[in-house]
Amino acid sequence: MRPQSTRDRLNRFLSLFKSNSNVLVLINPDPDSIASALAVKRLLWKHVHKTSIAYIEEIKRLDNLTMVELLKIQMKRIDEIDTEDFSDYIIVDSQPDHSVFFTPFAYNAIIDHHPKVEEHHASYIDIRPEYGANSTILTEYLRSAGIKPSMRLATALLYAIKTDTGNFERSGIEADVNQFRYLFKYANMNLLKKIEKSELRPDDLDFFQTALMNRILTKKKIYAHAGEVPSADICVQIADFFTKVHGVGWAFVSGVYEDRIIVIIRNDGYRKDAGHLASIAFGDVGSAGGHRGAARAEIPLDFLVQNGISDHNSVIESFVKKRLKI
């Protein structure tokens, strides 16, 4: 069979829906998923009756909140809507097994760039783990449809590609670069700078201080346990910060958020695979995976309790270190 062109993919995707369809796009909110959902909404404009965006986790990162505010993005938390009002469901930048909040729905389409762990049942599946950003895939769709993105949509997609590729330092392929260049001429750089500068609250510095005090640096690896955190994104920000330390090839940050242990993994991208490491270290005790340069694991605290392990911070730190062989 000949490789599918973007036009083939787009036509198959659009054929799933009818003019009276009420479509719900589900996301775990971050810049890439939000921008991807906006692109889907634009693609379906004039093809369906209504398209809405619902997110499953509270948005706490300042840059994400600023993105939503400045770009006037309309979406609602999933518990604020009646999901039964919709006839069709799409998930972008995630897969149904990534969260229990995603599992109740029968999806018409799954569009993602994370590695597939489980087999999924949907009428249309486009999963490309080689892509640095899911927004790159959706930008290809837009261009194939002959749609010039608005300033707000272009800014959202551009910011998404920047963040998910780590400014092309963490991941990315030629397709990501090409779509970034295409979007650049339509995006608003002033809005982009405002979004990028809104990253940390003053209180967030306390968790940086905790992580810095607890840091362990050995054999080009740095690890820190941040304790109980108000958002998993704090661990992401600290891990990204640690990658800037000279000589560090791997950065690991753990924290406790609500009822689970969060482990964020970053590396310098040179002959390393963070996603594989996360799966090997934590795949048997929780959800784990990601890309070569960035990965994440989530382990229920109940696992520790059920196995007679204390949930004290020092014990959690030892548990994570042992699993990662630090």
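What you see is a predicted model; the values in this text were computed from it and never measured. In this numbering scheme, every chain counts its residues from 1 along its sequence in written order. Whole-chain, interface and lining totals are the exception, using all residues; otherwise, since this is a predicted model, local features are given only for residues with pLDDT of at least 70 and side-chain atom pairs are given and counted only at 80 or more. With hydrogens and water stripped out, all remaining heavy atoms of the structure feed into the side-chain values.

Section: the packing of aromatic side chains
Phase 1: The criterion for an aromatic pair is that two Phe, Tyr or Trp rings (for Trp, the six-membered ring) have centres within 6.5 Å, with stacked assigned to planes under 30 degrees apart, edge-to-face to planes over 60 apart and tilted to the rest. Counted under the stated rule, the structure contains 12 aromatic pairs.
Phase 2: Consider the rings of Phe-168 and Phe-180, whose centres lie 5.5 Å apart with planes at 90°: the pair is edge-to-face. A residue pair is termed long-range when its members are at least 10 positions apart, and Phe-168 in the loop between helix H5 (151-165) and helix H6 (174-184) and Phe-180 in helix H6 qualify at 12 residues.
Phase 3: Between the aromatic rings of Tyr-182 and Tyr-186, the centroid separation amounts to 5.3 Å while the plane-to-plane angle is 65°, which identifies the pairing as edge-to-face.
Phase 4: By the ring-pair criterion, three or more aromatic residues cluster together here, those being Phe-13, Phe-17, Tyr-124 and Tyr-141.
Phase 5: In our convention, an over-ring charge means Lys NZ or Arg CZ found within 6 Å of a ring centre and within 35 degrees of that ring's normal. Its guanidinium or amino end placed over the ring of Tyr-182, Arg-143 lies 3.9 Å from that ring's centre, counting from NZ or CZ. Secondary structure follows DSSP: runs of H or I at least 4 residues long count as helices, runs of E at least 2 residues long count as strands, and numbering of each begins at the N terminus.

Considerations on the packing of helix H10 (residues 274-282) against helix H12 (residues 313-324)
Phase 1: A fitted line through C-alpha atoms serves as each axis, taken over the contacting stretch for helices, and the angle formed by two N-to-C directions is quoted from 0 to 180°. Close contact between H10 and H12 brings their axes to 9 Å; oriented N to C, the two are set at 120°. The chirality of how H10 crosses H12 is right-handed. In this structure, H10 uses Leu-277, Ala-281 and Phe-282 to contact H12, whose residues at the interface are Phe-319, Val-320, Arg-323 and Leu-324. Note on convention: the crossing is left-handed when the near helix lies turned anticlockwise from the far helix by less than a right angle, right-handed when the turn is clockwise. Contact criterion: two residues are considered in contact whenever any of their non-hydrogen atoms come within 4.5 Å of each other.

Quick word on the pattern of salt bridges
Phase 1: Each reported salt bridge corresponds to a side-chain nitrogen of Lys or Arg within 4 Å of a carboxyl oxygen of Asp or Glu. This model, assessed by the stated rule, comprises 16 salt bridges.
Phase 2: Put simply, Arg-9 and Asp-126 hold a salt bridge, and the shortest N to O gap is 3.0 Å. Here Arg-9 is found in helix H1 (residues 6-14), whereas its partner Asp-126 is found in strand E6 (residues 124-127), with 117 residues between them in sequence. Neither Arg-9 nor Asp-126 differs from the other in exposure class; each is buried.
Phase 3: Residues Asp-273 and Arg-292 are paired through a salt bridge, measuring 3.6 Å at the closest nitrogen-oxygen approach. Remark: Arg-292 occurs in the loop between strand E11 (287-290) and strand E12 (294-300) and Asp-273 occurs in the loop between strand E10 (260-267) and H10; sequence separation between them is 19 residues. Relative accessible area decides the class of each residue, using a 1.4 Å probe on protein chains only: under 20% of the type maximum gives buried, over 50% gives exposed, and in between gives partly exposed.

Observations concerning the sheet that holds strand E2 (residues 50-55)
Phase 1: Here, a strand pair is defined by DSSP locating no fewer than two bridges between the strands. On the basis of which strands lie adjacent, the open sheet formed by six strands has the order E3-E2-E1-E4-E5-E6 and parallel pairing. Of all the strands in the sheet, just strand E3 (76-77) and E6 have a single pairing partner and so form its edges.
Phase 2: In this sheet, E3 lies alongside E2 in parallel orientation, the contact comprising two bridges. Directly across from Tyr-55, in E3, lies its bridge partner Arg-77.
Phase 3: Contacts between H1 and the sheet are confined to strand E4 (88-92), strand E5 (109-112) and E6, with E6 contributing the most and set at about 140° to the helix.

Let's talk about helix H7 (residues 189-197)
Phase 1: Of all the residues in H7, the buried ones are Leu-191, Leu-192 and Ile-195. Seen end-on, H7 carries its buried residues on one side only, within an arc spanning 100°. Away from its buried face, by an angle of more than 90 degrees, H7 presents the exposed residues Asn-190, Lys-194 and Lys-197.
Phase 2: The secondary structure elements touched by the buried residues of H7 are helix H3 (62-70) and H5.
Phase 3: In protein, a polar contact requires one atom able to donate a hydrogen and another able to accept it; more generally it is a pair of N or O atoms within 3.5 Å, and residues adjacent in sequence count only if both atoms are side-chain atoms. With a side-chain oxygen positioned 3.0 Å from the backbone nitrogen of Asn-190, the residue opening H7 is Asn-188. Read the arc as the range of directions from the helix axis to the C-beta atoms.

Regarding the packing of H1 against helix H4 (residues 134-144)
Phase 1: With their axes 9 Å apart at the nearest point, H1 and H4 run at an angle of 90° to one another. The orientation of H1 with respect to H4, classified from their angle, is roughly perpendicular. Of the residues in H4, those touching H1 at Thr-6, Arg-7, Arg-9, Leu-10 and Phe-13 are Glu-140, Tyr-141 and Ser-144.
Phase 2: Looking at the contact of H1 with H4 residue by residue, the class counts come to three nonpolar, two polar and three charged. Throughout, the term roughly parallel applies to angles under 35 degrees, roughly antiparallel to angles over 145, roughly perpendicular to angles from 65 to 115, and oblique to all others. Polarity classes work like this: nonpolar for Ala, Val, Leu, Ile, Met, Phe, Trp, Tyr, Cys and Pro, charged for Asp, Glu, Lys and Arg, and polar for all others, with Gly in that last group.

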